[in-house]
Amino acid sequence: MSIDLLLKEAQTQSKLIIPANWGQGRATFGGLIGSLMLSRLTAELGELAEDRVLRSATISFIGAVTQGEVEVSTEIFRSGKSVTQAAAKLIQNGEVMAFLLASFGSARESGIHVTPRSIAPEFKAPGDAFRLPYIPNLTPEFMQQVDLRWAHGDAPFSGSNNADFGGWMRWVDDFPCMTLPHLLGLTDSWPPSVLPMLKGHGNASTLSWNIEFFSHEFQKTSENWWQYQVTTDFAESGYAHAEAHIWDDDKNLVAISRQVSTIFA
């Protein structure tokens, strides 16, 4: 089932079925889990979502979500004049498997204006960049759902001394409107930032994830590309801390993502 159909289901019902071909090792792709929680939470906000847009979200992956039924429950903690704080949790077999804490805020007049310091890098075009393939029993199942083009940095598992990389991304399926839940899940499709440093196959997974959005009215479809670049700030004792920037294909900075990953190598 496509990401677009799954997100539409999450808008109308709290009980969902995690389908096949979305696996990531023994678990379900974390980007899908985050997208489903955000889609459900946005739907629960109702009319508030028309005025207040997602400013930041923090996601904790607590347990391995498997194929089958899950339930997403939501809670609005406080809704003030311009900011709403809310959360969603994904439950499977009676246990909380993932938790999302989100801050929504409406725009207001301000005399403070700071232009982004991060400028979109000059990558080779998506058509000239290397497409990360889906290889059964080797790469994650969810790679069938995304189109990732590696445009900068060394390849995963190449034993590189450099942990930074970047490229282009989009969903494989066609749909007419790119939303924040679509982009949230897509951003998580890249491997942890230190994978190029590993020699041979090794495992890594996201422990916690924070993402902040600057743009909300994308006016993009599934055919548009998004640019991604990640930098590792620190890695030690089996954990890596990284920051990524995301731009649209017009070179507008749309989000900053920070992740803590566990490294099993």
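Summary of the structure given here.

Description of the sheet that holds strand β14 (residues 253-264)
Item 1. The 12 strands are arranged β1-β5-β6-β7-β4-β11-β14-β13-β12-β10-β9-β8 in an open sheet whose pairing can be described as antiparallel. In the strand order of this sheet, the two ends are held by β1 (15-18) and β8 (130-131), each with one partner.
Item 2. Strands in contact with helix α2 (residues 30-45) are β1, β4 (53-61), β5 (68-79), β6 (83-92) and β7 (95-105); relative to β7, the strand with the most contacts, it is inclined by about 55 degrees.

Quick look at a nonpolar patch on the surface
Item 1. A grouping of I62, F77, V96, F99 and L101 is seen on the molecular surface, where their side chains present a nonpolar patch of about 420 Å² in accessible area.
Item 2. Counting residues per element, the nonpolar patch draws most heavily on β7, which supplies 3 residues.
Item 3. Residue placement: F99 occurs in strand β7.

Structural notes on the environment of K15
Item 1. For K15, the position within the fold is in strand β1.
Item 2. Accessibility expressed as a relative area gives 48% for K15, which makes it partly exposed.
Item 3. In this structure the C-alpha to C-alpha distance between K15 and D173, which are 158 residues apart in sequence, comes to 23 Å.
Item 4. Those residues within four positions of K15 in sequence are excluded, and the remaining contacts are V70 and E71.

Focus: helix α1 (residues 3-12)
Item 1. Inspection of α1 places I3, D4, L6, L7 and A10 among the buried residues, and these make up the whole buried set. Projection of α1 onto a plane perpendicular to its axis shows the buried side chains occupying an angular sector of 165 degrees, all on one side.
Item 2. Tucked inside the fold, the buried residues of α1 contact β1, α2, β10 (165-171) and α4 (180-187).

Looking at the side chain of Q259
Item 1. The residue Q259 is located in strand β14 in this model.
Item 2. On the basis of relative accessibility, which here comes to 14%, the residue Q259 falls in the buried class.
Item 3. Only 3.2 Å separates the side chain of Q259 from the side chain of T206, close enough to count as a polar contact.

Cut-offs used in this document
- Residues numbered from 1 in each chain as written.
- Predicted model: local features only at pLDDT ≥ 70, side-chain atom pairs only at ≥ 80, totals over all residues.
- Heavy atoms only, no water.
- Pairing = 2+ DSSP bridges.
- Helix = DSSP H or I, 4+ residues; strand = E, 2+ residues; numbered from the N terminus.
- Contact = heavy atoms within 4.5 Å.
- Axes fitted to C-alpha atoms, helices over the stretch in contact; angles between N-to-C directions.
- Patch = residues over 30% accessible without salt bridge, like charges linked within 9 Å, V, L, I, M, F, W, Y side chains within 5 Å.
- Areas by Shrake-Rupley, 256 points an atom, 1.4 Å probe, with all protein chains shown as cover.
- Salt bridge = Lys/Arg side-chain N within 4 Å of Asp/Glu carboxyl O.
- Buried < 20%, exposed > 50% of the residue type's maximum accessible area, 1.4 Å probe, protein only.
- Arc of directions from axis to C-beta.
- Polar contact = N/O pair within 3.5 Å; in protein donor to acceptor, adjacent residues only side chain to side chain.

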